[in-house]
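Residues per chain are reported as follows:
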Amino acid sequence: MEGPGRAAARIPDPHTQASLAAAIAEAVRDRDERVLRRLLARFAEQAAITDLPALRDALDTAGRHGDGPPGSR
């Protein structure tokens, strides 16, 4: 089980996200598909890492609606 500190450690630095977004915009302007694909892959990786703990928490919460254990309804 992860504590609150571990989830916070997975959040990407906002400055890194901003520079990545700027680099993506520049690659689009330059029409550099190779660089754009690489940057979009990095962005997707960061988004997945950031969103996984939130998704896990949402799924855990959804499974706890009700008074009894899951499957007891």
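Bear in mind the structure is a predicted one, so any value in this text is a computation, not a measurement.

Colleague: An account of the overall build of the protein chain is requested, with residue identities and associated values reported.
Modeller: When helices and strands are counted, the protein chain shows three helices and zero strands. Helices and strands in the protein chain line up, N terminus first, as α-α-α. The buried share of the protein chain, reckoned over its 73 residues, is 12%. Roughly 6100 Å² of accessible area belongs to the protein chain as shown, and the carbon and sulfur atoms make up 58% of that amount.

Colleague: Which residues make up the confidence of the model for the protein chain, and what values go with them?
Modeller: Per-residue confidence for the protein chain averages 74 on the pLDDT scale, and 63% of its residues sit at or above 70. Predicted confidence in the protein chain is weakest over helix α1 (residues 4-9), with a mean pLDDT of 47, and strongest over helix α2 (residues 14-30), with 86. A low-confidence stretch, residues 5-9 stays under pLDDT 50, and its non-local contacts, those more than four residues away or across chains, total two contacts.

Colleague: Got a sec to walk through unusual backbone geometry? Specific residues and values, please.
Modeller: Its identity is not glycine, yet R31 carries a phi of approximately 55 degrees, on the positive side. One can find R31 in the loop between α2 and α3 (33-62). For R31, a relative accessible area of 75% corresponds to the exposed category.

Colleague: A description of the pattern of salt bridges should follow, citing residues and the corresponding values.
Modeller: Summed over the entire model, instances satisfying the criterion amount to one salt bridge. Here E33 makes a salt bridge to R37, at a shortest N to O gap of 3.5 Å. In this pair, E33 and R37 are both assigned in helix α3, four residues apart and thus about one turn of the helix distant. R37 matches E33 in its accessibility class, with the two residues each being exposed.

Reading the values: the criteria
Residues numbered from 1 in each chain as written. Predicted model: local features only at pLDDT ≥ 70, side-chain atom pairs only at ≥ 80, totals over all residues. Heavy atoms only, no water. Helix = DSSP H or I, 4+ residues; strand = E, 2+ residues; numbered from the N terminus. Buried < 20%, exposed > 50% of the residue type's maximum accessible area, 1.4 Å probe, protein only. Areas by Shrake-Rupley, 256 points an atom, 1.4 Å probe, with all protein chains shown as cover. pLDDT = per-residue confidence, 0-100. Contact = heavy atoms within 4.5 Å. Salt bridge = Lys/Arg side-chain N within 4 Å of Asp/Glu carboxyl O.

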